[in-house]
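Structural features, examined
What follows is the residue order along each chain.
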Amino acid sequence: MPHRVTLIPGDGIGPELSEATRRVLEATGVAFDWDVREAGADVMAKHGGNPLPDSVIESIAHTGVAIKGPITTPIGTGFRSVNVALRKALDLFAQVRPCKSYTGVRSRYSDVDLVIVRENTEDLYAGIEFEEGTENCAVLRDTIQKLSGAQIREDAGISIKPISIEGTRRVVKFALDYARAEGRRKVTVVHKANIMKHTDGLWLRVAREVAEDYPDIEFEDRIVDNMCMQLVQKPELYDVLVLPNLYGDIVSDLGAGLVGGLGVAPGANFGTAAAVFEPTHGSAPRYKGQNKVNPIAMMLSGVLMLRHLEERAAADALEGAIAAVIAEGRSVTYDMKPTRDDPGAVGTSQVADAIIEQMGVRA
Ligand code: NAD
């Protein structure tokens, strides 16, 4: 039976990356039945100004698995971000960002193999904000003073940081299950519980409780500032990290920096009923349609998807072929060459050709 998967080409450079990724996924021999769905700036006029048509969400809710190219967030549509809206609609509560060194990618480090799991729905990114100078903000300030005695300056804006037992439990459990399924040895929970006792403190306490059910996985905690220093000094000591939303956002870009940047940084967002795989980078609109940009982050997102679909042999074959093409350094895009104007750089579709050829060689 072919895997039914929603394919969202996205906009900007999304369609060309999606085409290259679809080709390498099919070349693994795994059968797919793609449900191609348009979203983003280029199609919003067709959908009453909506860059995220309901049919896209309905398709993913039905197939349970999607792979998507980046989508531009159109300015002035009322959409803070199409990607955030998608994560909210499908309650994709866990974002997974593997950060792995590949030989041939220019980076200061050579031995990094981390998986960063970020809580995706709570924390300071829950979107609960009160604008400075508004009546609601003044009411909230007065209430806070009555309840806690704390004085907030009159000219302050306020953002709220909710972290719940349920929200913590499900993402920490996800990280531990992921570690177990992927044969990882350790999960590190990251926090600032020494300062924020009722949010990060709760996060740490619940995480420890959840970890008691996983005696086979080593479990430890780190304070977020120390974590950043340690990741820069000795990233090889860490394996799977699980973080609340804000720290997760920052530390996952730190992790991408450790392994050579966004061109090789895949991602996935998991909910209870659906998983969406996508590269970490955006839609780079100025390169649209030029067959120029690097498809590897989206292809590595495809590798994650193959693992999720339990097509492990195909995932290993595709990842091995990608790694071999990077290591050889010939059929790679301009951003992976020693200089950006290297005349030997190839285009997006030629990277796909080289990876497909490599898989044939390996087979
Ligand atoms: P961007 O990632 O599109 O671009 C940042 C830089 O990286 C640019 O110089 C770009 O040319 C380069 N770059 C990005 N992807 C590349 C690739 N595959 N190969 C080579 N170079 C690459 O970030 P941005 O400019 O801040 O955002 C552009 C749009 O993308 C915005 O509308 C933003 O909202 C959206 N965005 C979408 C997603 C997503 O769909 N998940 C994620 C981030 C940003």
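Each remark here, short or long, concerns the structure printed above.
What you see is a predicted model, and the numbers here were worked out from it, not measured in a lab. (Residues numbered from 1 in each chain as written. Predicted model: local features only at pLDDT ≥ 70, side-chain atom pairs only at ≥ 80, totals over all residues. Heavy atoms only, no water.)

It is worth spelling out the nonpolar core at this point. In this structure, Val117, Met305 and Ile355 are the most contacted members of the largest nonpolar core, which totals 72 residues. It is helix H9 (residues 296-308) that provides the largest number of residues to this core, a total of 8 residues. Once you skip the residues sitting within four places of it in the chain, Val117 turns out to touch Ala94, Gln95, Val96, Val171, Phe174, Ala175, Val240, Leu241, Val242 and Leu243. One finds Leu114, Leu241, Tyr247 and Val251 within the second-largest nonpolar core, a separate group that totals 15 residues. (Core = buried A, V, L, I, M, F, W, Y, C linked by side-chain atoms within 4.5 Å. Buried < 20%, exposed > 50% of the residue type's maximum accessible area, 1.4 Å probe, protein only. Helix = DSSP H or I, 4+ residues; strand = E, 2+ residues; numbered from the N terminus. Contact = heavy atoms within 4.5 Å.)

Counting buried positions over the 6 residues of strand E8 (residues 186-191) gives 6, a clear majority of the element. Side-chain alternation along E8 places Lys186, Thr188 and Val190 on one buried face and Val187, Val189 and His191 on a second face that is also buried. Summarising the sheet, E8 and strand E9 (residues 218-223) pair through 6 bridges and their orientation is parallel. If you follow His191 over to E9, its bridge partner there is Ile223. At this point the chain moves from E8, through helix H6 (residues 200-211), to the parallel E9, and the crossover so formed is right-handed. The pairing of E8 with strand E10 (residues 240-243) spans 3 bridges and is classified as parallel. Bridge assignment links Val189 to a residue of E10, and that residue is Val242. (Pairing = 2+ DSSP bridges. Right-handed = clockwise from strand over helix to strand, strands pointing away.)

Attention shifts here to unusual backbone geometry. In this structure, Asp123 is a non-glycine residue whose phi angle is positive, near 70 degrees. We note that Asn291 has phi near 50 degrees; this positive angle belongs to a residue other than glycine. Structurally, the position occupied by Asn291 is in the loop between strand E12 (275-279) and H9. On the basis of relative accessibility, which here comes to 31%, the residue Asn291 falls in the partly exposed class.

Taken together, 19 residues are adjacent to the ligand, and Ile71, Gly282, Ala284, Tyr287 and Asn294 come closest. In this structure, Ser283 approaches the ligand through a main-chain N or O atom, which is 3.0 Å from an oxygen atom. Here the ligand loses 67% of its free accessible area of 810 Å² to cover by the protein chains. (Near = heavy atom within 4 Å. Polar contact = N/O pair within 3.5 Å; in protein donor to acceptor, adjacent residues only side chain to side chain. Areas by Shrake-Rupley, 256 points an atom, 1.4 Å probe, with all protein chains shown as cover.)

Let us look at the environment of Gly167. Tracing the backbone shows Gly167 in helix H5 (residues 165-181). Each C-alpha atom, one on Gly167 and one on Pro244, is 9.6 Å from the other, the two residues being 77 residues apart in sequence. Not counting residues up to four positions away in its chain, the partners in contact with Gly167 are Glu119 and Glu122.

Within this structure, the stated rule accounts for 29 salt bridges. Where Asp33 meets Arg4, a salt bridge forms, and the shortest distance between an N and an O atom there is 3.1 Å. Taken as a pair, Asp33 in strand E2 (residues 32-36) and Arg4 in strand E1 (residues 3-8) lie far apart in primary sequence, 29 residues in all. Taking relative accessible area as the criterion, Arg4 reaches 38% and is therefore assigned partly exposed. Residue Arg312 is joined to Glu182 by a salt bridge in which the shortest nitrogen-to-oxygen separation is 3.2 Å. (Salt bridge = Lys/Arg side-chain N within 4 Å of Asp/Glu carboxyl O.)

Bringing the sheet that holds strand E5 (residues 113-119) into the picture now. Taken in spatial order, the 10 strands of this open sheet run E2-E1-E3-E12-E11-E4-E5-E10-E8-E9, and their pairing is mixed. Edge strands, defined here as strands with exactly one partner in the open sheet, are E2 and E9. Taking each pair of neighbouring strands and ignoring which way they run, the sheet shows an average axis angle of 25 degrees. The sheet contact formed by strand E3 (residues 65-68) and E12 spans 3 bridges and is parallel. When the bridges of E12 are listed, Val65 appears paired with Ala275. Against the sheet, H9 engages E1, E2, E3, strand E4 (94-100), strand E11 (266-270) and E12, with an angle of about 155 degrees to E12. (Axes fitted to C-alpha atoms, helices over the stretch in contact; angles between N-to-C directions.)

Running from N to C, helix H7 (residues 224-233) and helix H8 (residues 245-258) cross one another at 5 degrees; their axes reach a closest spacing of 11 Å. It follows that H7 is roughly parallel to H8 by the angle criterion. In this structure, H7 uses Val224, Cys228, Leu231 and Val232 to contact H8, whose residues at the interface are Tyr247, Val251, Leu254 and Leu258. For the contact of H7 with H8, the class distribution of residues is 8 nonpolar, no polar and no charged. (Parallel < 35°, antiparallel > 145°, perpendicular 65-115°, else oblique. Nonpolar A, V, L, I, M, F, W, Y, C, P; charged D, E, K, R; others polar.)

By the secondary structure assignment, Gln358 is in helix H11 (residues 348-362). For Gln358 and Ile322, which are 36 residues apart along the polypeptide, the C-alpha to C-alpha distance reads 8.2 Å. Ignoring sequence-local partners within four residues, the contact set of Gln358 consists of Ala321, Ala324 and Val325.

With that settled, the discussion passes to the packing of H9 against helix H10 (residues 312-328). Running from N to C, H9 and H10 point in directions that differ by 160 degrees, and their axes come no closer than 7 Å. The orientation of H9 with respect to H10, classified from their angle, is roughly antiparallel. In this structure, the crossing between H9 and H10 has a hand that is left-handed. Every residue of H10 that contacts H9 at Ile296, Met299, Leu300, Val303, Leu306 and Arg307 is listed here: Arg312, Ala314, Ala315, Asp316, Leu318, Glu319, Ile322 and Ile326. (Left-handed = near helix turned anticlockwise from the far one by under 90°.)

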